[in-house]
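Given next are the chains, with one letter for each unit.
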Amino acid sequence: MKFTKADIQQIQQKGLDVKMIEHQLSHFTSKKPKINLHAPATIGDGIVRFSEVKSKQFSTFFETQKQKKAIVKFVPASGAASRMFKSLYSFLERYDIQKESINAYVNRTKSVDLFLFFLTVEKLPFHDEIFEELKKQYPDYKSMSLDKRRLLFVELLLSKEHFNFGEYPKGLLPYHNYKTHITTAFEEHLVEASHYAAVNGNATLHFTISNQHHKRFDEHYKSIKKIVESKTNTSFDVSYSFQDPKTDTIATTVDDIPFRVDGKLLFRPSGHGALIHNLNSIDADLIFIKNIDNVMMQHCMDKMVYHKTILGGYLLKIQLQIFEYAHALDQSEISEEKINDIANFLSDQLNVHISTEFEKYANHYKIEYLKTRIHRPIRVCGMVKNEGEPGGGPFWVKHENGELSLQIVEMNQINTKSESQHKILKSATHFNPVDIVCGVKDYKGQKYDLEQFIDAKTHFVAIKNKYGKKLKTLERPGLWNGGMAHWNTVFVEVPLITFNPVKKVDDLLKEPHQLEL
């Protein structure tokens, strides 16, 4: 591929170089093998289920230890809310009030989402605000038909001239309607953090956002800061970062030729896997990761908070043993019994594959072998029972060298055309809700370089529709997929009540997002 002088200048302005772009382009044409699933992770085979006694012990341990730790809550919050309103966008595009009623449209298109929306729209947190604007914009609205009022309501909700909620970042949308006020997902994350991530009365949160929304987030935080701090008796340290333009990847046509807009190369953000760079800049002992849309109303938050402390306590407890063994491996003398103890710990507690040849190694090789496996960041990931939600799940993956490891695997990483792989996928018992606690420092207190633990082979190509055409984009290994592939990984079952994402606008009507009557 030959680039023009203008192309090269554009590439360099993004902080990239031609070799990097050529390497990216090679991924579009290479036949990259899919992830090789070995088996689903299940209770007793990759997923831990704690008794109530153990759960209380880990929760108590976390509460006694957290004041000595630097804790950060990391919230990927970059995405716009357009997918939330997909059924409404489709409605505006396809519905003709001159030809049919809304009921007829719903029946014809079998749009359950749209049916639920209009049936329960008054329960949505933004209903009253939009309805007031409707009356203001259309003084004669009472004389209009119900279909006309509904159509205008949706237009106000989504139009760029009015509320434009589809272009809003999810974190700033009205989420919960309390009797005295309406909160956003951003605000609920602050309240939630005050319950488990606060150290000595201060909670630190980091949001990854789009640069274009920075001012909005900043202004919103300033408007609620004093209220939330007073209500929670907590001070907050809130910071933001953006997806680095250097992590953008080039787009191509379906024929693998660089895609151009007005003669210029098109670069696109490379998915949430690029955020490993942002995560790597966080200096903390513990980092909780949770998606922006996974919040719940404050009256039902206690159980979710409790399970956060269980995950945090388990990580701290297991990390103590990791640190003791890592220190022992660095000593000049270590017994063969201790070496075997460490190998068993890695296998039994951290799900690390130990080579069948391990017993034949000389002691100094055993020590070096164990060092490479224990000197890694660790993540404890909550897993919920599979209820058919879209997204990734916990699996045992078999690598090219024959080793097995625990991974969070997305659908697009799996060869679903393979009967054996499809069978393993269908037998999965649990789902990844993105409920993760990370330990990113070694026993000396030095932070790991997280970019050294990525499986670069797990990038993938996606097809998008933009500018009226199909194009290919290259996405980096997902943040909690290939981005953490070489971390030590523990999966813990957590109850479904801890997982309350808002993927569609109708999800705001579910019990965890509605005030008790």
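Our structure's up above, just so we're on the same page.
Residues numbered from 1 in each chain as written. Predicted model: local features only at pLDDT ≥ 70, side-chain atom pairs only at ≥ 80, totals over all residues. Heavy atoms only, no water.

Draft legend 1. Structural view of the overall build of the protein. The helix and strand tally for the protein stands at 15 helices and 22 strands. For the protein, the C-alpha radius of gyration of 25 Å lies close to 24 Å, the compact-globule estimate for 517 residues. Here the protein, with 517 residues, has 53% of them falling under the buried criterion. Pairs at least 24 residues apart make up 77% of the contacts formed inside the protein by residues separated by at least 6 positions. Across the protein, 69 positive and 63 negative side-chain charges occur, with their mean positions spaced 3 Å apart. (Helix = DSSP H or I, 4+ residues; strand = E, 2+ residues; numbered from the N terminus. Rg over C-alpha atoms; globule rule 2.2 N^0.38 Å. Buried < 20%, exposed > 50% of the residue type's maximum accessible area, 1.4 Å probe, protein only. Contact = heavy atoms within 4.5 Å. Lys, Arg positive; Asp, Glu negative; His and termini not counted. Charge placed at Lys NZ, Arg CZ, Asp CG, Glu CD.)

Draft legend 2. Examining the layout of surface pockets more closely. Looking at the second largest pocket, its volume works out to about 650 Å³. What lines the second largest pocket is a set of 33 residues, and nearest its centre among them are Val-397, His-399, Glu-400, Asp-455 and His-486. Broken down by secondary-structure element, the contributors of at least two residues to the lining of the second largest pocket are β16 (393–398), β17 (404–409) and β22 (488–493). No other element matches the 4 residues that β17 contributes to the lining of the second largest pocket. Classifying every residue of the lining of the second largest pocket gives 10 nonpolar, 14 polar and 9 charged. (1 Å grid on protein atoms, 1.4 Å probe; cavity = no way out; pocket = protein on both sides within 12 Å on 5 of 7 lines; lining within 4 Å. Points joined across faces, edges and corners; volume = space filled by probe spheres on them. Nonpolar A, V, L, I, M, F, W, Y, C, P; charged D, E, K, R; others polar.)

Draft legend 3. Focus on the sheet that holds strand β1 (residues 37–40). A sheet is described by the order of its strands in space; here 3 strands give the open sequence β1-β16-β17, paired in antiparallel fashion. If you trace the sheet from one side to the other, it starts and ends with β1 and β17, each paired once. Taken over all neighbouring pairs, the strand axes of this sheet differ in orientation by 40° on average, direction set aside. In terms of strand pairing, β1 meets β16 through 3 bridges, oriented antiparallel. Across the sheet, residue Pro-40 finds its bridge partner in β16, namely Phe-395. Lying on the sheet, helix α15 (residues 419–426) is in contact with β1 and β16; it crosses β1 at an angle near 25°. (Pairing = 2+ DSSP bridges. Axes fitted to C-alpha atoms, helices over the stretch in contact; angles between N-to-C directions.)

Draft legend 4. Layout of the nonpolar core. Judged by nonpolar contacts, the single largest core of 103 residues is most densely connected at Phe-85, Phe-117, Phe-186, Phe-207 and Leu-370. Counting residues per element, this core draws most heavily on helix α12 (residues 302–329), which supplies 13 residues. If sequence neighbours within four positions are ignored, Phe-85 has contacts with Phe-126, Leu-157, Leu-158, Phe-165, Gly-166, Leu-173 and Val-505. Residues Ile-276, Leu-406, Met-484 and Trp-487 belong to the second largest nonpolar core, which totals 28 residues. (Core = buried A, V, L, I, M, F, W, Y, C linked by side-chain atoms within 4.5 Å.)

Draft legend 5. View of the packing of aromatic side chains. Scanning the entire structure with this criterion turns up 27 aromatic pairs. With centroids separated by 6.4 Å and ring planes inclined at 35°, the aromatic side chains of Phe-207 and Tyr-240 adopt a geometry described as tilted. Placement of Phe-207 in strand β8 (residues 202–208) and of Tyr-240 in strand β9 (residues 235–241) is noted, with a sequence separation of 33 residues between them. Just as Phe-207 is buried, Tyr-240 falls in that class too. Members of the aromatic cluster, connected to one another through ring pairs, are Phe-91, Tyr-95, Tyr-105, Phe-117, Phe-118 and Phe-153. Just above the ring of Tyr-168 sits the side chain of Arg-216; from NZ or CZ to the centre is 4.2 Å. Sitting over the ring of Tyr-369, Arg-373 keeps its end group 3.8 Å from the ring centre. (Phe/Tyr/Trp six-rings, centres within 6.5 Å; stacked < 30°, edge-to-face > 60°. Lys NZ or Arg CZ within 6 Å of the ring centre and 35° of its normal.)

Draft legend 6. Molecular detail of the pattern of salt bridges. Scanning all chains against the criterion turns up 27 salt bridges. Between Asp-283 and Lys-441 there is a salt bridge, with its nearest N and O atoms 3.2 Å apart. Pair noted here: Asp-283 is in the loop between α11 (276–280) and β14 (286–290) and Lys-441 is in the loop between β19 (435–439) and β20 (460–466), with a separation of 158 residues, a long-range link. (Salt bridge = Lys/Arg side-chain N within 4 Å of Asp/Glu carboxyl O.)

Draft legend 7. Expanded view of the pairing of β19. The buried fraction of β19 amounts to 5 of the 5 residues, a majority that puts the element mostly inside the structure. Of the two faces of β19, the one carrying Asp-435, Val-437 and Gly-439 and the one carrying Ile-436 and Cys-438 are both buried. As paired strands, β14 and β19 are joined by 4 bridges and run antiparallel to one another. In the sheet register, Phe-288 faces β19, and the bridge partner there is Val-437. Of the pairings in the sheet, the one linking strand β15 (residues 378–385) to β19 comprises 4 bridges and is antiparallel in character. When the bridges of β19 are listed, Cys-381 appears paired with Ile-436.

Draft legend 8. Local environment of the side chain of Thr-184. Mapped onto the fold, Thr-184 is located in strand β6 (residues 182–184). Only 3.1 Å separates the side chain of Thr-184 from the backbone nitrogen of Glu-187, close enough to count as a polar contact. Among the polar contacts listed, one links the side chain of Thr-184 to the side chain of His-220, at a separation of 2.8 Å. Not counting chain neighbours up to four residues away, the residues in contact with Thr-184 comprise Gly-171, Leu-172, Leu-173, Tyr-175 and His-220. (Polar contact = N/O pair within 3.5 Å; in protein donor to acceptor, adjacent residues only side chain to side chain.)

Draft legend 9. Molecular detail of the environment of Thr-416. Secondary-structure assignment places Thr-416 in the loop between β17 and α15. The sequence separation of Thr-416 and Asn-294 amounts to 122 residues, and the corresponding C-alpha distance is 28 Å. Here Thr-416 is in contact with Met-411, His-422 and Leu-425, once residues within four sequence places are set aside.

Draft legend 10. Region of interest: the side chain of Gln-413. Structurally, Gln-413 can be placed in the loop between β17 and α15. Under the relative-accessibility criterion, Gln-413 is labelled buried at 8%. The residues contacting Gln-413, other than those within four sequence positions of it, are Lys-34, Ile-35, Ile-408, Thr-458 and Asn-481.

Draft legend 11. Region of the structure containing the packing of helix α9 (residues 185–196) against helix α10 (residues 214–232). Orientation of α9 relative to α10, taken along the N-to-C sense of each, is 35°, at an axis distance of 10 Å. For the crossing formed where α9 meets α10, the hand is right-handed. Residues Phe-186, Glu-187, Leu-190, Val-191 and Ser-194 of α9 touch α10, and the partners they reach there are Phe-217, His-220, Tyr-221, Ile-224, Val-228, Lys-231 and Thr-232. Looking at the contact of α9 with α10 residue by residue, the classes come out as 7 nonpolar, 3 polar and 2 charged. (Left-handed = near helix turned anticlockwise from the far one by under 90°.)

Draft legend 12. Main features of the pairing of β20. Pairing of β20 with strand β21 (residues 469–475) involves 7 bridges; the strand directions are antiparallel. Paired with Lys-464 across the two strands is Leu-471, which belongs to β21. Between β20 and β21, which follow one another and run antiparallel, lie 2 residues, and Tyr-467 among them has a positive phi close to 55°.

Draft legend 13. Summary view of the environment of Val-494. Along the polypeptide, Val-494 turns up in the segment after β22. Using a relative accessible area of 4% as the deciding quantity, one classes Val-494 as buried. Measuring from C-alpha to C-alpha, the distance between Val-494 and Ile-310 comes to 9.4 Å, with 184 residues separating the pair along the chain. The residues contacting Val-494, other than those within four sequence positions of it, are His-307, Leu-311, Gly-382, Met-383, Val-384 and Asp-435.

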